[in-house]
Amino acid sequence: MKAALKKKLSARQYELLRMLSYEWKRAKCRMLSPRSYKPNTEQLHLGCGDRHLEGWLNVDLWGSDLNLDIAAGRLPFPEECFNVIVSQHVIEHLSIQDELIPLLKECHRNLKPSGSIWLSTPDMEKAARSYIDHRNRDMIEDRQKRLPHWSLNGLPDQHFMNDLFHQELEHRNLFDFDLLKWTLEQAGFTQVERVDEQALQAAYPAFPSRNDDYQSVYVKATK
Ligand SMILES: C[S@@+](CC[C@H](N)C(=O)[O-])C[C@H]1O[C@@H](n2cnc3c(N)ncnc32)[C@H](O)[C@@H]1O
């Protein structure tokens, strides 16, 4: 079905159709999700994809423990109910001012005092350095180590940068550490530090490796 549509439609039409389908899933989620929800764990995993971790409340738009549109401006949880929130490679899918800052404010409200949020996302600074120094060849090789079937479909290496910025219209923004720190501060977080995937896994071994430090920025922010 996907391949047939891709063949029949122009790239722009295909991307718009995917966006419409994403928006439809979000709208359905908003209509069906509970207005309030009392979690039975103190660990929240936002935008889990197919990584369902035991002992965590795994949230995504579909197929998760609790299907939610996390960009809807409100999370259904009581105040100060989580010790920790983790979200890997999700925030780049949200608009900063009308989706991400409201989400992070909700995370701040839902965290216990001294609770922390861990975020990772593609690193704009690493991508820019890689473009200047290597026209992104190093990042392409790094990605292909993790995703052997991924390719630029014959386009020259610097197209990697375009792909990272829009990813078939899925991505809204890229972040460097400073932009991410500023965004977290807008939501009330005061201590924001740069970490890496190893630090996340040392604190929470349930997280399977993404092996993506080469292209990602990881931060930990404390309430
Ligand atoms: C690139 S995947 C990352 C999945 C997983 N965190 C990982 O590290 O493999 C992004 C995930 O964010 C989810 N997502 C994007 N926008 C969302 C939204 N508004 N509400 C809930 N989940 C969302 C997508 O459905 C997808 O599963």
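Presented here is an overview of the structure given in this document. (Residues numbered from 1 in each chain as written. Predicted model: local features only at pLDDT ≥ 70, side-chain atom pairs only at ≥ 80, totals over all residues.)

## Brief notes about the packing of helix α4 (residues 124-134) against helix α5 (residues 137-146)
Quick note on the threshold: For helices, the axis comes from a line fit to the C-alpha atoms of the stretch in contact; other axes are also lines fit to C-alpha atoms, and the angle between any two N-to-C directions lies between 0 and 180 degrees. A run of DSSP states H or I qualifies as a helix once it reaches four residues; a run of E qualifies as a strand once it reaches two. Both are numbered from the N-terminal end. Orientation categories follow fixed angle ranges, with anything under 35 degrees roughly parallel, anything over 145 roughly antiparallel, 65 to 115 roughly perpendicular, and all other angles oblique. The contact criterion used here is simple: two residues whose C-beta atoms, placed from the backbone, lie within 7 Å are in contact. Here the nonpolar group is Ala, Val, Leu, Ile, Met, Phe, Trp, Tyr, Cys and Pro; Asp, Glu, Lys and Arg are the charged ones; every other residue, Gly included, is treated as polar.
Running from N to C, α4 and α5 cross one another at 120 degrees; their axes reach a closest spacing of 7 Å. When the axes of α4 and α5 are compared, the pair comes out oblique. Mapping the contact onto sequence places Ala127, Ser130 and His134 in α4 and Arg137, Asp138 and Met139 in α5. Of the residues assigned to the contact of α4 with α5, the class counts are two nonpolar, two polar and two charged.

## Some thoughts on the site of the ligand
Going by this rule: Nearness here has a simple definition: the residue's C-beta atom, placed using the backbone, must lie within 6 Å of the molecule or strand.
Surveying the vicinity of the ligand reveals 16 residues, the closest of which are Gly47, Gly49, Ile70, Ala71 and Gln88. For the shell around the ligand, the class distribution of residues is six nonpolar, five polar and five charged.

## Section: the nonpolar core
Definition in use: Nonpolar cores are built from buried Ala, Val, Leu, Ile, Met, Phe, Trp, Tyr and Cys residues. These are joined into a set through C-beta atoms within 7 Å. Note on burial: count the other C-beta atoms lying within 10 Å of the residue's C-beta; 20 or more is buried, 12 or fewer is exposed, in between is partly exposed, and C-beta positions come from the backbone.
Judged by nonpolar contacts, the single largest core of 40 residues is most densely connected at Leu44, Val59, Ile70, Ile85, Leu103 and Ile117. With sequence-adjacent residues up to four places away left out, leucine 44 is seen in contact with Trp56, Leu57, Val59, Phe82 and Ile85.

## Points about helix α3 (residues 96-110)
Worth spelling out the cut-off: The span expected for a helix works out to 1.5 Å for each residue beyond the first.
Across its 15 residues, α3 extends 20 Å between first and last C-alpha, which sits within 8% of the 21 Å expected from 1.5 Å per residue. Of all the residues in α3, the buried ones are Leu100, Pro102, Leu103, Leu104, Cys107 and Asn110. Contact partners of the buried residues in α3: β4 (82-88), β5 (111-122) and α7 (177-186).

## Regarding the packing of α3 against α7
Here is the rule: In a left-handed crossing the near helix is turned counterclockwise from the far helix by less than a right angle, and in a right-handed crossing that turn is clockwise.
Interaxial distance between α3 and α7 falls to 8 Å at its minimum, and their mutual angle equals 65 degrees. Remark: the crossing between α3 and α7 carries right-handed chirality. In this structure, α3 uses Ile96, Leu100, Ile101 and Leu104 to contact α7, whose residues at the interface are Thr183, Leu184 and Gln186. The residue inventory of the contact of α3 with α7, partitioned by class, reads five nonpolar, two polar and no charged.

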